[in-house]
Amino acid sequence: MVAMSDTLPATPRRTRLERARRLHVVLALLVGLVALISLNVGATGFSLVNVIAKTLRGEALSRMESVVLWDIRLPRLVMGLLVGAALATSGAVMQGLFRNPLADPGIVGVTAGGMLGATLAIVLGGMLPAGLLAMTGGTLVPIAAFAGSWLTTILLYRVSTRAGRTSVATMLLAGIAFTALAGALVGILIYKADDSQLRDLTFWNMGSLAGANWVKLASAAPIILAALVGAMLLGRGLNGLALGEATAHHIGIPVQWMKNGAILAVAAASGAAVAVSGGIGFVGIVVPHLLRLATGPDHRALLLNSALLGAALLVAADMIARVVIAPAELPIGIVTAVMGAPFFLWILLRQRGVVDL
Amino acid sequence: MTRRMYNTLTALMVALVAACAAWSLNADESTAKEAAPADVLSIGGDVTEIVHALGQGHRLLARDTTSTWPPEVRDLPDVGYMRQLSPEGVLSVGPSLILLAEGAGPPETLEVLRAADIDLVEVNGGFDAEAIAAKIRTVGAALEVPEQAEALARDVTLALDIALADAAAQTGPRKRVLFVLSAAGGKLTVAGENTGAAAVIRMAGGVNAAQGFDGYKQLTDEAASVAAPDVIVMMDRGGNHDATADLLFSLPALAITPAAETRALVKIDGLKLLGFGVRTAQAVTELNATLYGD
């Protein structure tokens, strides 16, 4: 199998890919920078610099400093990096697979299923036997959200696969139908919910990294990382799929295998992301688009760039969410939308006529 | 004795008891002021109210969004909504004791706060006099002012008993009362059974017009008409009273109810009405007076 750019005579495409590959380095530096700043700021005003200086001088950290850095800021930072990378990469993969710029992880039912699972846990969780409740502890909602997103994806996959061939169009439509159904079930549960459960649901929907801790991280990180690594291998195949399924097949791309891999990776990555952070919209659509506008649609570079920019963007948004109304904090979904949407519009307007999405 | 005189007398008695409590506690406050530095974070409007009534308001560092009374607490930093606290935000105000109303959280935040060696005291809720007294005692014990708490609990229980006895002494038909939480978009969200609003309505000698469901729910227009409330109660969020009444009674759901005929709308401060803190007796007396006063 030959890489797509090699089959094309035009040289600008190659330079575009090279530019996109150089962007890896820039974005990786950006992630590092944002991560450091994020560790450094917060409502308590402890700064990383001071803490490092203190450690170097051999002084012990105060209880407060170690809790703030190790139990609050660090797990939250890692969670932000993982969730941002998961959502943005999932978005890029879905847009490639469905050959549709509006596709996002929600299309494979992850968001609707996760929402349904979380709602079930929030509203009916109290009815579980006490022993089972004690066992799941505070993790019932994320577990239910993850299970919900997976069940939905499997269901949608079964519905749209016949004779070993998955129809993306069927999956798209079935996804819409299932989202409506899940919405209705959530509606019934909302009617049953009391007002404090309603509050919990609203906040869950707006998304937050506030609940990040090492336990959640230990369960979500392996899944997200494995899915991200898997997604990175899809670049060449997604490029081929852009030419249409038949052509992709003829140039030697294992189309069905690709689809399975893409759906699996997206369900795992964004399912885990949704489970630990709730509904954070926007990142999955905007990040890949910004990168396509900047360096072109070549998935070989786009996937990694999406992961990096998604991670940086989400950590930056979370940082703003944490400090802007300190000591209280905003749900992160609000920050990503309020800052991201106008910026995205501005880019679109500037590029209007130049790029046809 | 006429009804009006009786009501006035009751109100006077409640006020007198409250004033006595406030006076004796103020005396304590002046001596306590130098001793205890501000180190307490209070989460929950009812809890904050109780801290102040115990004369310990000066020990508060910060509050949550639901803590709005007494007015001076609004000057304190706000750590956000009580069910959605941010761990670093809470730590940043530097509390050594956190009083948590029932439902404060989320659990992840509380876990981190415990890890940071901060004392967390949970104050259980409830919709009756015993629950209020228990809240006061819990807060008093946490703030190490058990005698004041005992005195305040006694005064508050007494005031509430007087208000309840007065409401219970009501003769004649009970008024049907509908508590409307929100009428946004013409849709009524009302208090059903097992709510703070239903409890206060009953205490004030009324009958909750919305029966047959638990919690705060949206009511269909027909069900609202069938509920046939004599009086509508809402939370006072500021704004023009007449405008609200015009809007409310022009809704098809309420237009044909007895309440619309007499334009019977009562607005009471939400925390006072539903907080089950130290002002519940006042809320009961006020509501009772507006229901049967004239």
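Residues numbered from 1 in each chain as written. Chains lettered and ligands numbered in written order. Predicted model: local features only at pLDDT ≥ 70, side-chain atom pairs only at ≥ 80, totals over all residues.

### So, the overall build of chain B
Move 1: What chain B contains, in helices and strands, is 13 helices and 10 strands.
Move 2: Of all 294 residues assigned to chain B, the portion counted as buried reaches 48%.
Move 3: Contacts spanning at least 24 positions in sequence make up 60% of the contacts within chain B whose residues lie at least 6 apart. (Helix = DSSP H or I, 4+ residues; strand = E, 2+ residues; numbered from the N terminus. Buried ≥ 20, exposed ≤ 12 C-beta atoms within 10 Å, placed from the backbone. Contact = placed C-beta atoms within 7 Å.)

### Comments concerning the overall build of chain A
Move 1: Along its length, chain A carries 16 helices and two strands.
Move 2: The C-alpha atoms of chain A give 21 Å as radius of gyration, which agrees with the globular expectation for 357 residues (21 Å, within 12%).
Move 3: For chain A, the spread of C-alpha atoms along the principal axes amounts to about 65 × 50 × 35 Å.
Move 4: The buried share among the 357 residues of chain A stands at 48%.
Move 5: A sequence separation of at least 24 residues applies to 80% of the contacts in chain A between residues at least 6 apart. (Rg over C-alpha atoms; globule rule 2.2 N^0.38 Å.)

### Notes on the domain arrangement of chain B
All names here are of chain B.
Move 1: Each assigned domain of chain B is listed with its residue range as follows: domain 1 (3-165) and domain 2 (176-292).
Move 2: Between domain 1 and domain 2, the residue contacts involve 23 residues of the former and 16 residues of the latter.
Move 3: The set of elements that each furnish at least two residues to the side of domain 1 that touches domain 2 consists of helix H1 (3-35), helix H2 (45-53), helix H5 (129-142) and helix H6 (146-168).
Move 4: Classifying every residue of the side of domain 1 that touches domain 2 gives 13 nonpolar, six polar and four charged. (Domains from an automatic or database assignment. Nonpolar A, V, L, I, M, F, W, Y, C, P; charged D, E, K, R; others polar.)

### Points about the environment of Gly45 of chain B
Residues and elements named next belong to chain B.
Move 1: Tracing the sequence through the fold places Gly45 in helix H2.
Move 2: Expressed as a C-alpha distance, the spacing of Gly45 and Asp64, which sit 19 residues apart in the sequence, is 7.8 Å.
Move 3: Those residues in contact with Gly45 that lie beyond four places of it in its chain are Thr66, Ser67, Thr68, Trp69, Leu271, Gly275 and Gly277.

### Points about the sheet that holds strand E2 (residues 60-63) of chain B
Residue and element names in this part refer to chain B.
Move 1: Here we have four strands laid out as an open sheet, ordered E2-E1-E3-E4, and parallel in their pairing. Each having just a single partner strand, E2 and strand E4 (119-123) make up the two edges of the open sheet. The mean inter-strand angle of the sheet, taken between neighbouring strand axes irrespective of direction, is 20 degrees. (Pairing = 2+ DSSP bridges. Axes fitted to C-alpha atoms, helices over the stretch in contact; angles between N-to-C directions.)

### Thoughts on the interface of chain A and chain B
Interface size is often expressed as the accessible area that is lost when the parts come together.
Move 1: Contact residues are listed per partner, giving 25 residues for chain A and 25 residues for chain B.
Move 2: Elements that contribute at least two residues to the side of chain A that touches chain B include exactly helix H4 (63-98) and helix H9 (195-206) of chain A.
Move 3: Top element by residues in the side of chain A that touches chain B is H4 of chain A. It accounts for six residues.
Move 4: The class makeup of the residues in the side of chain A that touches chain B is 10 nonpolar, seven polar and eight charged.

### Observations regarding the packing of helix H14 (residues 283-295) of chain A against helix H15 (residues 299-323) of chain A
Residues and elements named next belong to chain A.
Move 1: Packing of H14 against H15 leaves a shortest axis separation of 9 Å and a crossing angle of 125 degrees. Judged by the angle between their axes, H14 and H15 are oblique. Considering how the two elements wind past one another, H14 and H15 form a crossing that is right-handed. Between H14, through Val283, Val287, Pro288, Leu291, Arg292 and Thr295, and H15, the contact on the second element is made entirely by Ala301, Leu302, Asn305, Ser306, Leu309, Gly310, Leu313 and Leu314. (Parallel < 35°, antiparallel > 145°, perpendicular 65-115°, else oblique. Left-handed = near helix turned anticlockwise from the far one by under 90°.)

### Some points on the nonpolar core
Move 1: Core analysis: the largest hydrophobic core is formed by 99 residues, its most contacted members being Val83, Ala86, Val93, Ala269, Ala272, Ala312 and Val315 of chain A.
Move 2: One finds Phe46 of chain A together with Leu60, Val139 and Ala227 of chain B within the second-largest nonpolar core, a separate group that totals 94 residues. (Core = buried A, V, L, I, M, F, W, Y, C linked by C-beta atoms within 7 Å.)

### Some thoughts on helix H16 (residues 332-351) of chain A
Residue and element names in this part refer to chain A.
Move 1: With 20 residues, H16 should cover 28 Å at 1.5 Å per step; its first-to-last C-alpha distance of 28 Å lies within 8% of that length.
Move 2: Roughly 30 degrees is the biggest bend found in H16, and it falls at Gly340, with proline Pro342 one to four residues downstream.
Move 3: Those residues of H16 lying buried are Ile332, Gly333, Val335 and Thr336.
Move 4: Buried positions along H16 lie against H9, H14 and H15. (Expected span 1.5 Å × (residues − 1). Bend = angle between axes of the 7 residues up to and from the residue.)

### Section: the confidence of the model for chain B
Move 1: Averaged over chain B, the pLDDT score is 86; the fraction of residues at 70 or greater is 87%.
Move 2: Of the regions scoring below 50 in pLDDT, residues 23-34 of chain B engages in 12 contacts with residues more than four places distant in sequence or in other chains. (pLDDT = per-residue confidence, 0-100.)

### Some remarks on the environment of Phe249 of chain B
Move 1: Mapped onto the elements of the fold, Phe249 of chain B is located in helix H9 (residues 241-249).
Move 2: Look at Phe249 of chain B and you get partly exposed, because 19 C-beta atoms sit within 10 Å.

### Overview of helix H5 (residues 110-124) of chain A
Move 1: Here H5 of chain A contains 15 residues, and its C-alpha end-to-end distance of 21 Å stays within 8% of the 21 Å for a straight helix at 1.5 Å per residue.
Move 2: Burial analysis of H5 of chain A places 13 of its 15 residues in the buried class, the great majority of the element.

### What to know about the pairing of E4 of chain B
Residues and elements named next belong to chain B.
Move 1: The sheet contact formed by strand E3 (residues 97-101) and E4 spans five bridges and is parallel. Along E4, the bridge assignment pairs Ala101 with Val123.
Move 2: With respect to chirality, the unit in which E3 leads through helix H4 (residues 107-115) into the neighbouring parallel E4 is right-handed. (Right-handed = clockwise from strand over helix to strand, strands pointing away.)

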